[in-house]
Amino acid sequence: MMNNERIGSSFEDFLREGGTYEATTEQAVKRVLAWQLAQAMKQKGITKVEMAKRLATSRSQLDRLLDPENASVTLATLAQAAKAVGRSIKVELV
């Protein structure tokens, strides 16, 4: 029988040891934010064309914002996008 005791280190420890924790965490956060924005757009019936208009940007720029692989999006852009779908961004240091 297996018990619930932890064996070895955590996944976070594994990433830290490999020197990829920060990059992996940043990528995960970006993926979640892109997914949440896409879901909010879907729930509110906002098309990409309409969203681009709300952000005063092009459709290709919006595609970059919604691309989970593109980590070069600024916090200001994310906050503006969140506002466009009636949401806000919460950032905190932990």
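Refer to the structure above for everything that follows.
Residues numbered from 1 in each chain as written. Predicted model: local features only at pLDDT ≥ 70, side-chain atom pairs only at ≥ 80, totals over all residues. Heavy atoms only, no water.

Asks: Looking at this structure, I do not really get the overall build of the chain. What am I missing?
Replies: The helix and strand inventory of the chain stands at 5 helices and 0 strands. What you see for the chain is a C-alpha radius of gyration of 17 Å, clearly larger than the 12 Å of a compact globule of 94 residues, by over 25%. By principal-axis analysis of the C-alpha atoms, the chain measures approximately 55 × 30 × 25 Å. Across the 94 residues that make up the chain, the buried fraction comes to 21%. Contacts in the chain between residues at least 24 apart in sequence constitute 56% of all its contacts with a sequence separation of at least 6. Total accessible area on the chain stands at roughly 7300 Å², and carbon and sulfur atoms take up 55% of it. (Helix = DSSP H or I, 4+ residues; strand = E, 2+ residues; numbered from the N terminus. Rg over C-alpha atoms; globule rule 2.2 N^0.38 Å. Buried < 20%, exposed > 50% of the residue type's maximum accessible area, 1.4 Å probe, protein only. Contact = heavy atoms within 4.5 Å. Areas by Shrake-Rupley, 256 points an atom, 1.4 Å probe, with all protein chains shown as cover.)

Asks: I keep staring at helix α4 (residues 59–66) and nothing clicks. Help me out?
Replies: Think of an α-helix as turning once every 3.6 residues; residues three or four places apart then point the same way. Turning to α4, its buried residues are Leu-62, Leu-65 and Leu-66. Buried positions in α4, seen along its axis, are confined to an arc of 90° and lie on one side of it. (Arc of directions from axis to C-beta.)

Asks: I would appreciate a short explanation of the side chain of Lys-30 in the present structure.
Replies: Topologically, Lys-30 is positioned in helix α2 (residues 21–44). We note that Lys-30 is buried and unpaired, the nearest opposite charge coming from Asp-67 at a distance of 6.4 Å. Apart from the residues lying within four places of it in its own chain, the contact partners of Lys-30 are Arg-64, Leu-65, Leu-66, Asp-67, Pro-68, Asn-70, Ala-71 and Val-73. (Lys, Arg positive; Asp, Glu negative; His and termini not counted. Salt bridge = Lys/Arg side-chain N within 4 Å of Asp/Glu carboxyl O.)

Asks: Looking at this structure, how should I read the nonpolar core?
Replies: Grouped burial of nonpolar side chains is what soluble globular proteins tend to show. Counting 14 residues, the largest nonpolar core has Leu-37, Met-41, Met-51, Leu-55, Leu-62, Leu-65 and Val-85 as its most contacted members. When neighbours within four sequence positions are excluded, Leu-37 is seen to be in contact with Leu-65, Leu-66, Leu-78, Ala-81, Ala-82 and Val-85. (Core = buried A, V, L, I, M, F, W, Y, C linked by side-chain atoms within 4.5 Å.)

Asks: Any chance you could explain the pattern of salt bridges here in plain terms?
Replies: A side chain with one charge may pair with a side chain of the opposite charge, provided their charged atoms come close. Counted under the stated rule, the structure contains 5 salt bridges. Between Glu-12 and Arg-16 there is a salt bridge; the shortest N-O distance is 3.8 Å. Within this pair, Glu-12 and its partner Arg-16 are both found in helix α1 (residues 11–17), separated by 4 residues, close to a single helical turn. Given a relative accessible area of 42%, Glu-12 falls into the partly exposed group. Among the residues examined, Arg-16 registers a relative accessible area of 44% and is labelled partly exposed. As a salt-bridge pair, Glu-50 and Arg-54 come within 3.1 Å of each other at their nearest N and O atoms. A residue pair is termed a helical-turn pair when its members lie 3 or 4 positions apart in one helix, as Glu-50 and Arg-54 do in helix α3 (residues 48–54) at 4 residues. By relative accessible area, which is 42% here, Arg-54 ends up partly exposed.

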